[in-house]
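Fold and contact review
Listed below, chain by chain, are the residues.
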Amino acid sequence: MRFRPLRPASTPDSTRVAVADPPETMRAAVIEATGGPEALHEATVAVPTPILSELLVRVVAAGINPIDAKTRGGTGVSSAIAAYPAALGFDFSGIVVRSPYESHPLPPGTPVFGMVPFPRSGGSYAEYAVVPSQSVARKPSSLSHVEAAGVPLAALTAWGLVVETAHAHEGQRMLIHAGSGGVGHFAVQFAAYFGAHVTATGSTRNASWLRELGASVVIDHTSTRFEDVIADVDVVIDLVGNVHERTGERSLKIIRPGGLYILVPTGSWPGYADAAADAGVRPTGYKVIPDGGTLATVGRLLDSGAVQVYIDRVFDLNDAAAAHAELERGHTRGKIVLRVSDD
Ligand SMILES: NC(=O)c1ccc[n+]([C@@H]2O[C@H](COP(=O)([O-])OP(=O)(O)OC[C@H]3O[C@@H](n4cnc5c(N)ncnc54)[C@H](OP(=O)(O)O)[C@@H]3O)[C@@H](O)[C@H]2O)c1
């Protein structure tokens, strides 16, 4: 057998666009101190400089995640903020402006999506961002930048939970709390894709949409106590935590002996591991890993149409405060995204 020579990774492809040299300063949504949504405002700051294996990306759109709001409010990863003003945000979709070296597989002009250095520093709510090359992938060609910016952190978390931790498979009975949120809507789709029987908690207005995504059963969390209608599940993915109506403690009662309880907002329930062990259930938490290889796999699923991203609302960069206020209302369907610049 003869191997066919591979195309050089640097071969120009039709998706590349023209890029200009970056300016010295840029617009960014920053905080000067932690606080409420109003702490976020637009400012002019220096364009960051990439070093070694980092890329410089011109950001077209930035996804918003609960950790951004927690950080702005003084929890989340706020302890890692080295200096103010600090641009927030981890998710982006944009265009490569500088690559680490000649013939890099992601040359200037390539549309990409991914995460800026996580969790140590944010900075995607800005016109330019430096990005570790291991946390980036080519943007799915079927998605706009706004759509792609809603994918990275939420989809990587969902993949880590459903595929790498729960090992979703045919016939597995999985309950996903908050199936309609950013992480949840990807988790429902990944679990169904790998053959699991998916039950999701979500409100009535999201029920038919959750069924379209692959949930076999939807339990309205506003009117039904889930433990009254479901039992003996193999896995619970808890994206709500224990601060809301003791969702975690009640979840332990409906998992079969030896089943798996995954708590995502781990800070919501100190001691969950002991409580789960006492209930005869295997416990674990989970923290997202910003892996570009996994993101490329997710991108192929998005391009194939097997998985979709749902964008609930789009705000302009200078409206980042309003976007955070909307996120903190707690009823986002899918994702909220900031439009940072033109394509
Ligand atoms: N550890 C990690 O690496 C990691 C990564 C990502 C996210 N997280 C955490 O995981 C949590 C979820 O993140 P997310 O991005 O998916 O949040 P999100 O998009 O803001 O979640 C909003 C959704 O939650 C639903 N919801 C709220 N309370 C509910 C309840 N009691 N039962 C069922 N659904 C409920 C809402 O539905 P309704 O409109 O029907 O209320 C809404 O659709 C957050 O705490 C986040 O910080 C952790």
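Placed above this text is the structure.
Residues numbered from 1 in each chain as written. Predicted model: local features only at pLDDT ≥ 70, side-chain atom pairs only at ≥ 80, totals over all residues. Heavy atoms only, no water.

**Digging into the site of the ligand**
By nearness alone, 24 residues border the ligand, and K70, S180, S203, V288 and T332 come closest of all. Within the contact set of the ligand, an oxygen atom lies 3.2 Å away from a side-chain nitrogen or oxygen of R205. Taking V288, its main chain carries an N or O atom lying 2.8 Å from an oxygen atom of the ligand. Surface burial for the ligand is 86%, taken as the share of its 940 Å² of free accessible area covered by protein chains. For the shell around the ligand, the secondary-structure elements that each account for two or more residues are helix 1 (66-72), helix 3 (152-165) and helix 4 (182-193). Both domain 1 (25-151 + 309-339) and domain 2 (154-285) contribute no fewer than three residues apiece to the shell around the ligand. (Near = heavy atom within 4 Å. Polar contact = N/O pair within 3.5 Å; in protein donor to acceptor, adjacent residues only side chain to side chain. Areas by Shrake-Rupley, 256 points an atom, 1.4 Å probe, with all protein chains shown as cover. Helix = DSSP H or I, 4+ residues; strand = E, 2+ residues; numbered from the N terminus. Domains from an automatic or database assignment.)

**Let's talk about the environment of I230**
Residue position: I230 is located in the loop between strand 11 (217-219) and strand 12 (233-238). Note: C-alpha distance between I230 and I255 (25 residues apart in sequence) is 9.3 Å. Sequence-distant contacts of I230, defined by excluding residues within four places in its chain, comprise R173, T199, I219 and I254. (Contact = heavy atoms within 4.5 Å.)

**Comments concerning the sheet that holds strand 11**
One open sheet holds the 6 strands; their spatial order is 11-10-9-12-13-14, and the pairing between them is parallel. For this open sheet the edge positions go to strand 11 and strand 14 (282-285), each flanked by a neighbour on one side alone. Strand after strand, the sheet turns through a mean of 15 degrees between neighbouring axes, direction not considered. Bridge analysis of strand 13 (residues 255-263) against strand 14 gives 4 bridges, and the strand direction is parallel. Paired with Y261 across the bridge in strand 14 is P283. Contacts from helix 3 reach strand 9 (173-176), strand 12, strand 13 and strand 14, with the element oriented near 150 degrees to strand 13. (Pairing = 2+ DSSP bridges. Axes fitted to C-alpha atoms, helices over the stretch in contact; angles between N-to-C directions.)

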